[in-house]
Amino acid sequence: MIKTENLYKTFITANGDKVNALVDVNTQIDKGEVVVVIGPSGSGKSTYLRCLNHLEVATKGHIWIDGVDILDLKININKVRAEVGMVFQSFNLFPHKSVIDNVNLAQKVVRKKSKEECEKKSMELLEKVGIAEKANVFPAQLSGGQQQRVAIARALAMHPKIMLFDEPTSALDPEMIGEVLDVMKSLAKEGMTMVVVTHEMGFAKEVANRVVFMDEGAIVEEGTPEHFFENPTHDRTKLFLSQIL
Amino acid sequence: MKTSSGLSRINPFTYNLSMAGFIIGVIAFITVFIVATKAIDYTWRWYKLPGYFYTNKTHDIDAEIKGIVESITTKDKTISIVVKGNSESETYTLPESGSKRVSIGDNIYQGDTLAQYKKPQLGLLSQGILITLEVSIYSSLIGILIGLIGGIARISKNPAFKWAAIVYVELIRGSPLLVQIFIWYFVFATIINGMLMNMGFHEISALWYGVAALSFFAGAYVTEIVRSGIESINIGQIEASRSLGMTSAQCMYHIVLPQAIRRILPPLAGQFITLIKDSSLLGIIAVRELTKATREGITTSLQPYEFWFVCAILYLLLTFPLSMFVQYIERRMKTP
């Protein structure tokens, strides 16, 4: 479903320094897999996720999404993106549109569905994330957790084959984290292919098929949650886990 | 009084004293000014002004042939006077309210006044206001259009669009509007009208070259306003819409512009206040807008003080609603 080969990403800072955000990242994520990417801040995990959606353009290497090489300039990236949902740390809802219009918009504009079809689908999804009663309010009137659930519904409205989550609970108040994680867990149970960058170790243990640990732009260690949390092999992983657990 | 924060406390006595000081200052200034004008023997003649807003102009009806008044009939609120000459006969009509100067059987010579009537008409200053409004409205609309295209071009990744917008903005902002109006009128107008004449079309009037100069001038400023409005939209929203598969044009249309336009309304309205005032320069290319009309009014009335004050107040009346509008939307935007 997702494959990266020798992926490199180099940022050039304002004063000309080079920062290696990704160093030779090779991953293979199969259909229906839930992969949790963890690591200290600045380890490149968000950059990796953003590269998968071409929001960040990789400097070198290959990325295949559902068999399409997205670094090939000849492909229509919008088509690929329509099949890959993304949920952001800061929700990024459209503040000038009501909740249901947030969910409707891409269905209407990208999928060219009729108004009735859009609204039917949107209400279905809002019900699924448990926020149907707020369909007509504006994002600013919602709590962070509610906004994030709307953002998930908005991404799901495109019928994506893959969902990418970029620290979806990091900007939330502690009591709201649960409601968002519940939605993500139910998605995982339905067999959605998911790549999740998060600091929620509980979620990783419970839901992930595989945990990937990144540091300084490279993958240090990966494995099942059992392996990863109970007997990590790498010293860097052990240090990280001892700091956060 | 508004509730104020602890940082801006002022005691009521000081407040009232200062307010009284302000009002006294204004009255004193006006008094000193009026006394000064008396000292140089200026006679204020405000009564001359209404005629420059609205006049009842007297129209003469003159005979075009020599002959005898054959009949005078009143029908459907119009009076018809028929003059019969040697071989031909002419009919003249005027409104019922008009006054006849001839009776049936009178001998008429060519050029004699048969009747007079009055017709209400807009005065010089009213016409000036209308022209100023016309020029300002057209220039604002075209200016917005240019600015919108310019602003989007300015942030485009395509270097041709981007550099075209940069060069346009820098050229326009870097030279005086007066010079630009001269270039439009004495260079572009000469060329374009010359070509139109050669091809057998009508000339385009000076007013439209004035509108063009103002539009392109305002357009450059609107370009920068639009650019800053677009850049003020959080990049996260753009990423979110692109991650849903929208093209950059769809993202611009559905996400960025609707929000940017709301944010740029106050500076945009400010730009149009400037534009209304700048339209006063068009008098120099013979567009009879408010300032030019005022100058003509002074030539005929010889009352410059009254006219210049009235002119300034009329501009204020045109710009004031816009600045009220700016304040209204700025207030509305502060409260979520």
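Residues numbered from 1 in each chain as written. Chains lettered and ligands numbered in written order. Predicted model: local features only at pLDDT ≥ 70, side-chain atom pairs only at ≥ 80, totals over all residues. Heavy atoms only, no water.

## Thoughts on the overall build of chain B
Each helix and strand counted, chain B has 10 helices and 7 strands in total. The C-alpha atoms of chain B give a radius of gyration of 30 Å, which is well past the 20 Å a tight globule of 336 residues would have. With the C-alpha coordinates of chain B rotated into their principal frame, the extents come out at 90 × 70 × 40 Å. Counting the 336 residues in chain B, one finds 39% classified as buried. Long-range pairs, those at least 24 residues apart, make up 68% of the contacts in chain B between residues at least 6 apart in sequence. Surface accessibility of chain B: about 20200 Å² in total, with carbon and sulfur atoms responsible for 65%. Here chain B carries 29 positive and 22 negative side-chain charges, and the mean point of each set is 14 Å from the other. (Helix = DSSP H or I, 4+ residues; strand = E, 2+ residues; numbered from the N terminus. Rg over C-alpha atoms; globule rule 2.2 N^0.38 Å. Buried < 20%, exposed > 50% of the residue type's maximum accessible area, 1.4 Å probe, protein only. Contact = heavy atoms within 4.5 Å. Areas by Shrake-Rupley, 256 points an atom, 1.4 Å probe, with all protein chains shown as cover. Lys, Arg positive; Asp, Glu negative; His and termini not counted. Charge placed at Lys NZ, Arg CZ, Asp CG, Glu CD.)

## Some thoughts on the environment of B:Lys157
Note on placement: B:Lys157 falls in the loop between α3 (124-154) and α4 (159-173). The exposure class of B:Lys157 is exposed, given its relative accessible area of 82%.

## Brief notes about the packing of aromatic side chains
As enumerated under the stated definition, the model contains 17 aromatic pairs over all chains in all. Between A:Phe213 and A:Phe228, the ring centres sit 6.2 Å apart and the planes meet at 50 degrees, which makes this aromatic pair tilted. Of this pair, A:Phe213 sits in strand β9 (residues 210-215) while A:Phe228 sits in helix α8 (residues 225-230), and the two are 15 residues apart along the sequence. As far as the burial class goes, A:Phe213 and A:Phe228 line up, both buried. Chaining the aromatic ring pairs together yields one cluster made of B:Phe33, B:Tyr42, B:Trp44, B:Trp46, B:Tyr305 and B:Phe309. Taking the ring centre of A:Phe94 as reference, the NZ or CZ of A:Arg154 above it sits at 4.5 Å. Lying across the ring of B:Tyr221, B:Arg173 places its NZ or CZ 6.0 Å from the centre. (Phe/Tyr/Trp six-rings, centres within 6.5 Å; stacked < 30°, edge-to-face > 60°. Lys NZ or Arg CZ within 6 Å of the ring centre and 35° of its normal.)

## A word on the domain arrangement of chain B
Along its sequence, chain B is carved into domain 1 (9-39), domain 2 (58-122) and domain 3 (124-334). If you average the C-alpha positions of domain 1 of chain B and of domain 3 of chain B, the two centres end up 37 Å apart. (Domains from an automatic or database assignment.)

## Things to note about the layout of surface pockets
Residue and element names in this part refer to chain B. In this structure, the largest pocket spans a volume of roughly 800 Å³. For the lining of the largest pocket, the secondary structure elements donating two or more residues are α6 (206-231), α7 (235-243) and α8 (248-278). Sorting elements by how many residues they give to the lining of the largest pocket places α8 first, with 5 residues. Tallied by class, residues from the lining of the largest pocket come to 11 nonpolar, 4 polar and 5 charged. (1 Å grid on protein atoms, 1.4 Å probe; cavity = no way out; pocket = protein on both sides within 12 Å on 5 of 7 lines; lining within 4 Å. Points joined across faces, edges and corners; volume = space filled by probe spheres on them. Nonpolar A, V, L, I, M, F, W, Y, C, P; charged D, E, K, R; others polar.)

## Overview of the packing of helix α3 (residues 99-109) of chain A against helix α4 (residues 115-128) of chain A
Residue and element names in this part refer to chain A. Two elements in contact, α3 and α4, have axes whose closest approach is 9 Å; the angle formed by their N-to-C orientations is 130 degrees. When the axes of α3 and α4 are compared, the pair comes out oblique. Relative to α4, the crossing made by α3 is right-handed. Residues Val99, Ile100, Val103, Asn104, Gln107 and Lys108 of α3 pack against Glu117, Cys118, Glu119, Lys121, Ser122, Met123, Leu125 and Leu126 of α4. A breakdown of the residues in the contact of α3 with α4 according to their chemical character gives 7 nonpolar, 3 polar and 4 charged. (Axes fitted to C-alpha atoms, helices over the stretch in contact; angles between N-to-C directions. Parallel < 35°, antiparallel > 145°, perpendicular 65-115°, else oblique. Left-handed = near helix turned anticlockwise from the far one by under 90°.)

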